[in-house]
Amino acid sequence: QVQLAESGGGLVQPGGSLRLSCTASGFTFSSYVMSWYRQAPGKERELVAAIGSNGGNRNYADSVKERFTISRDNAKTTVYLQMNSLKPEDTDVYLCNARRPGWALNNYWGQGTQVTVSS
């Protein structure tokens, strides 16, 4: 059973920080590119950050560069998103994604964790 279990979301004040975690099971984690997406109501799902299977080739949306950091621990089958200097516009449901390059059907999503940035 493939599972992506997200945690770490919540309510934070502007300028604050959160660390999201996504722990995977049911597939070979180290073979997958891991990503964080976010989606607000009525908007398209947006790629926030992605990290290669071995921890290299990290990419970020321009809106979060220098504020967010994606990392992974393959031994723990976990991907993280450290979110600093949070802004109200960062308020979204954040979703963990796992995909295996070259294998279109190997594309998994977590249920999402709510991040709310508000004073």
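Note that the coordinates shown come from a computational prediction; the quantities given were computed from them, not determined experimentally. (Residues numbered from 1 in each chain as written. Predicted model: local features only at pLDDT ≥ 70, side-chain atom pairs only at ≥ 80, totals over all residues. Heavy atoms only, no water.)

Chemist: Which residues make up the side chain of Ser 35, and what are the values?
Modeler: Looking at the secondary structure, you find Ser 35 in strand 4 (residues 33-39). The buried category is assigned to Ser 35, whose relative accessible area is 0%. At 2.8 Å, the side chain of Ser 35 forms a polar contact with the side chain of Arg 99. If we skip the residues at most four places from it in the chain, Ser 35 touches Leu 47, Ala 49, Ala 50, Ile 70, Leu 95, Cys 96, Asn 97 and Arg 99. (Helix = DSSP H or I, 4+ residues; strand = E, 2+ residues; numbered from the N terminus. Buried < 20%, exposed > 50% of the residue type's maximum accessible area, 1.4 Å probe, protein only. Polar contact = N/O pair within 3.5 Å; in protein donor to acceptor, adjacent residues only side chain to side chain. Contact = heavy atoms within 4.5 Å.)

Chemist: Quick one: what's the story with unusual backbone geometry, residue by residue and with numbers?
Modeler: Phi is positive for Thr 77, close to 45 degrees, though the residue is something other than glycine. In this fold, Thr 77 is placed in the loop between strand 7 (68-73) and strand 8 (78-83). Under the relative-accessibility criterion, Thr 77 is labelled partly exposed at 24%. Non-glycine residue Ser 85 carries a positive phi angle of around 50 degrees. Topologically, Ser 85 is positioned in the loop between strand 8 and strand 9 (92-100). Its relative accessible area of 40% is what places Ser 85 among the partly exposed residues.

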